[in-house]
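Observations on chain architecture
If you want the building blocks of each chain, they are given just below.
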Amino acid sequence: MVTPPDGAADESPQAALAETLTAILDGATIDALRHLSGGASRETWRFTADGRDLVAQLQRPGDERDMLVEAAVVRAARAGGVPAPELLTAVRRDDGLAVMVLEAIDGETIARKIQRDDRFADARRRLVRDCGAALARIHRLDLVPGLVAADQVEVYTAALDELGQPHPMFELVRNWLIANRPPAVEPGVVHGDFRLGNLIVAPDGLAGVIDWELAHLGDPMEDLGWLCVKAWRFGGRSPVAGLGSYDELFAAYEEAGGAAVNADVVRWWEVLGTWKWGIMCIAQASAHLSGAVRSHELAAIGRRVCENEHDLFLALEGRW
Amino acid sequence: MVSDGDAPHDVPSAADLLEAVREWIERDVLAATDGRLKFHARVAANVLAIVERELELGPAQASAHRERLARLGVESDAELAEAIRASRFDGRGTELRAELRAAVTDKLLVANPGYLDS
């Protein structure tokens, strides 16, 4: 084999991505392309196309979720009045991996800034209500074709077993979850990861709900419980995102057309969410240990598993 | 604790070396960085602090954990986890919880002692 001279055949991944984006955006001129973040399942890039601020999400090899289904959920959510980004296009490339292009929404996603910075003082006063209203709208959406029901206890038991790191405390909690499971309800669209970090917040309140990759069908109360998990309070004292009370969230949810909230059911989902985040912490450390993503940040998350175990003790003792 | 007399190494000890690097990150690196890099420097300092605490507390915690497992009649966390899932501890809930709580407390004393007060 003759190796082609540099720059001839193997152009940079960035240039290749720009070409792909031009092709799927009807020949638009791509500028200011920059990498925003990369997880195990996808990469996120920001750029302008003919001057418009956009975000591209690229599926990575090995990600089994269907990004085209996620794109359909984002489109349905926006049509249903949820502050979700406008979807420009979502396509599967020749290599089988999907790309999704979304409108970029101005605002902040970093929890610490949203919780502390002066410019978000007004947003903080209304964010819990905004979240309640957005969740009510998500849960009223028609079921999106391709979305499947996922029993969270089963899914995360399988994940825990796959990781192969035994945690007696998680088994104790798993038994509790199974023994205290709330009655089955008509499944709805569940965002699956609705919390600070995946919410774009502007000075006047909630501006965008992003990261729909974990969307599935299930009990809508799952989203309310997840939003209250202690990890997502980011050190704040108040139960809802560290910013507000359960009552405030539930009232906003019901006012915006959500189903009547049973606090005990939300509590069950909060326990499940804490258990699930503990398992996800193991998974993040494993992503580092397996070499999939070398990162001391991911490695350190492995030592946060016990924070969840501690929270679960408090929960089972009725002390949170 | 590992006895100093058992190792051929010179001072500083492993704990002293970790402390020196952590102090440099906390003093100089955090002051000279911002954004993502500063966040990652803070994470690095936290990681070193975890290892410092584990060097100090680890040996005593390991023997306490072996004693806990022995009281519960199992050899390992893996065996204990399997037994709990199989409902073999259903009649010993109070005892089990007390042992697990102590194990989790030990883990937090190394990973993030401040969390115990939260």
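Procedures and definitions
Residues numbered from 1 in each chain as written. Chains lettered and ligands numbered in written order. Predicted model: local features only at pLDDT ≥ 70, side-chain atom pairs only at ≥ 80, totals over all residues. Heavy atoms only, no water. Helix = DSSP H or I, 4+ residues; strand = E, 2+ residues; numbered from the N terminus. Buried < 20%, exposed > 50% of the residue type's maximum accessible area, 1.4 Å probe, protein only. Contact = heavy atoms within 4.5 Å. Phe/Tyr/Trp six-rings, centres within 6.5 Å; stacked < 30°, edge-to-face > 60°. Lys NZ or Arg CZ within 6 Å of the ring centre and 35° of its normal. Buried area = accessible area lost by both parts, 1.4 Å probe. Salt bridge = Lys/Arg side-chain N within 4 Å of Asp/Glu carboxyl O. Polar contact = N/O pair within 3.5 Å; in protein donor to acceptor, adjacent residues only side chain to side chain.

Right, let's get into the overall build of chain A. A tally of helices and strands in chain A yields 11 helices and 9 strands. With respect to the principal axes defined by its C-alpha atoms, chain A has extents near 70 × 45 × 40 Å. Buried residues in chain A amount to 53% of all 320 residues. Counted over contacts in chain A with a minimum sequence separation of 6, partners at least 24 positions apart contribute 65%.

Residues and elements named next belong to chain A. A full pass over the atoms with the stated rule returns 5 aromatic pairs over all chains. Ring centres of W232 and F234 lie 5.8 Å apart, and the angle between their planes is 45°; this geometry places the pair in the tilted category. We classify W232 as buried; its relative accessible area is 5%. Residues W268 and W269 carry aromatic rings whose centres are separated by 4.8 Å and whose planes lie at 90° to one another, so their mutual orientation is edge-to-face. Like W268, the residue W269 is buried in the burial classification. One aromatic cluster in this structure is built from W226, W232, F234 and W277. Taking the ring centre of W232 as reference, the NZ or CZ of R195 above it sits at 3.9 Å. Directly above the aromatic system of W226 lies the positively charged group of K276, at a separation of 4.7 Å from the ring centroid.

Turning next to the interface of chain B and chain A. Where interface size is given, it is often the accessible area lost as the parts come together that is meant. Each partner contributes to the interface: chain B provides 28 residues, whereas chain A provides 26 residues. Across the interface of chain B and chain A, roughly 2,500 Å² is buried in total on both sides, 60% from carbon and sulfur atoms. Three residues stand out in chain B for area buried against chain A, namely R85, R101 and Y115 of chain B, and they jointly supply 29% of the buried area on that side. On inspection of chain B and its partner chain A, the count reaches 6 salt bridges. Among the salt bridges present, the one from E317 of chain A reaches R101 of chain B, with a minimum N-O distance of 3.2 Å.

The next point concerns the environment of R68 of chain B. All names here are of chain B. Examined against the element boundaries, R68 turns out to sit in helix α2 (residues 35-72). Of the residues examined, R68 reaches a relative accessible area of 7% and is grouped as buried. Separated by 31 residues in sequence, R68 and E99 place their C-alpha atoms 6.3 Å apart. For R68, the contacting residues outside a window of four places in its chain are Q61, E99, A102, A103 and D106. Within the structure, the side chain of R68 is placed 3.1 Å from the side chain of H65, a separation counted as a polar contact.

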